[in-house]
Amino acid sequence: MSNDEIFAAAYREHYWAVSRYVARRLQGRADEVEEVVAEVFTVAWRRRADLPASPLPWLYGVARNCLANAVRGYGRRRRLVDRLGNDEAAHGRHIVDSPDAEAPGAWVHEALGRLSPADQEVLRLAAWEELGADEIAVALDCGTRAATMRLHRARRRLRAEIDRMRPAVAAVPASADAIPCEDDRHG
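Keep in mind that what you see is a predicted model, and the values were worked out from it rather than measured.

Student: Looking at this structure, I do not really get the packing of helix α5 (residues 117-127) against helix α6 (residues 133-140). What am I missing?
Tutor: Helix-helix packing is characterised by the crossing angle of the two axes and by the distance between the axes. α6 packs onto α5 with a crossing angle of 135 degrees between their chain directions and a minimal axis gap of 10 Å. Viewed along their axes, α5 and α6 adopt a mutual orientation that is oblique. Of the two elements, α5 crosses α6, and the hand of that crossing is right-handed. Each of Glu121, Val122, Leu125 and Ala126 in α5 lies in contact with α6, whose residues at this interface are Ile136, Ala139 and Leu140. Split by residue class, the contact of α5 with α6 holds 6 nonpolar, no polar and 1 charged.

Next up, the structure:
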């Protein structure tokens, strides 16, 4: 198979996985997803001779770099808009969610958001992209043992963060089952 055919097969097989990977990391900025995905596959096209036999983890690594560039660009644009005084706040457009608008599992995302970007990425690669340690190592451009350790430590830090966020559960009295309910008193 030629390099062009290998690229075409990788594109057909992994386009949607790469799109989901990028979309999950650009929450709320859907307009940039297609742009980043296009950049990922542009890089893959240029480096089609380097595509490994199992290209998805490699494509995730390329996507990480493209996302970093997009985030830097977004930050530069945001600072420029702020300097120009043309942001939403200047025009009085403020969006406020209702108190009950919390999405299911939002506490997990909140706990994840409190971790370092490196911890967030290794956890997302394992959970969202369902990669094993060998594939995470390719995506992060590190060894398998390093990927395994990073994942283990990130999971431990996420657990600690979740434990810090969890409200203390009121202790139930040991004799709670001895208290009769209304129906028992009348019968």
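Once the structure has been displayed, the description carries forward.
Student: Would you mind going over the packing of α5 against helix α7 (residues 144-165) with me for this structure?
Tutor: As a packed pair, α5 and α7 sit with axes 9 Å apart at the nearest point and diverge in direction by 105 degrees. The orientation of α5 with respect to α7, classified from their angle, is roughly perpendicular. Across the interface between the two elements, Asp119, Val122, Leu123 and Ala126 of α5 pack against Ala147, Arg150, Leu151, Ala154, Arg155, Arg157 and Leu158 of α7. Here the residues of the contact of α5 with α7 sort into 7 nonpolar, no polar and 4 charged.

Student: Can you walk me through α7 in this structure?
Tutor: Helical geometry note: an α-helix holds 3.6 residues per turn, so side chains three or four residues apart project in the same direction. With 22 residues, α7 extends 31 Å from end C-alpha to end C-alpha; this agrees with the ideal 32 Å at 1.5 Å per step. Buried residues along α7 sit in contact with α4 (106-113), α5 and α6.

Student: Help me understand the nonpolar core in this model?
Tutor: Counting 42 residues, the largest nonpolar core has Val22 and Ile136 as its most contacted members. Secondary-structure elements contributing two or more residues to this core are α1 (3-25), α2 (30-46), α3 (55-84), α4, α5, α6 and α7. Considering each element in turn, this core owes the most residues, 9 residues, to α3. Among all residues touching Ile136, those that are not within four sequence positions of it are Val122, Leu125, Ala126, Leu131, Ala147 and Leu151.

Student: What am I meant to see in the pattern of salt bridges here?
Tutor: If the charged atoms of two oppositely charged side chains come close together, the side chains can form a pair. Counting across every chain of the model gives 11 salt bridges. Note that Arg157 and Asp119 form a salt bridge whose closest N and O atoms lie 2.5 Å from each other. In this pair, Arg157 sits in helix α7 while Asp119 sits in helix α5, placing the two residues 38 residues apart along the sequence. Judged by its relative accessible area of 36%, Arg157 is partly exposed. Among the charged side chains, a network of salt bridges with common partners joins Arg24, Arg25, Glu121 and Glu129.

Student: Even after reading the chapter, I still don't get the environment of Asp4, so can you show me in this structure?
Tutor: Structurally, the position occupied by Asp4 is in helix α1. Other than its neighbours up to four places away in sequence, Asp4 contacts Trp45 and Arg48. A polar side-chain atom of Asp4 sits 2.7 Å from a polar atom in the side chain of Arg48.

Student: What is the right way to read unusual backbone geometry from this model?
Tutor: Most of the time, phi is negative for any residue but glycine, and the peptide bond is trans. Look at Glu130: it is not a glycine, yet its phi comes out positive at around 55 degrees. With respect to the helices and strands, the residue Glu130 is situated in the loop between α5 and α6. Relative accessible area serves as the criterion here: at 67%, Glu130 is assigned to the exposed category. The backbone of Asp141 shows a phi angle near 60 degrees, a positive value even though the residue is not glycine. If you trace the backbone, Asp141 turns up in the loop between α6 and α7.

What counts, and where the lines are drawn
- Residues numbered from 1 in each chain as written.
- Predicted model: local features only at pLDDT ≥ 70, side-chain atom pairs only at ≥ 80, totals over all residues.
- Heavy atoms only, no water.
- Axes fitted to C-alpha atoms, helices over the stretch in contact; angles between N-to-C directions.
- Helix = DSSP H or I, 4+ residues; strand = E, 2+ residues; numbered from the N terminus.
- Parallel < 35°, antiparallel > 145°, perpendicular 65-115°, else oblique.
- Left-handed = near helix turned anticlockwise from the far one by under 90°.
- Contact = heavy atoms within 4.5 Å.
- Nonpolar A, V, L, I, M, F, W, Y, C, P; charged D, E, K, R; others polar.
- Expected span 1.5 Å × (residues − 1).
- Core = buried A, V, L, I, M, F, W, Y, C linked by side-chain atoms within 4.5 Å.
- Buried < 20%, exposed > 50% of the residue type's maximum accessible area, 1.4 Å probe, protein only.
- Salt bridge = Lys/Arg side-chain N within 4 Å of Asp/Glu carboxyl O.
- Polar contact = N/O pair within 3.5 Å; in protein donor to acceptor, adjacent residues only side chain to side chain.

So yeah, pure geometry; function would need other evidence.
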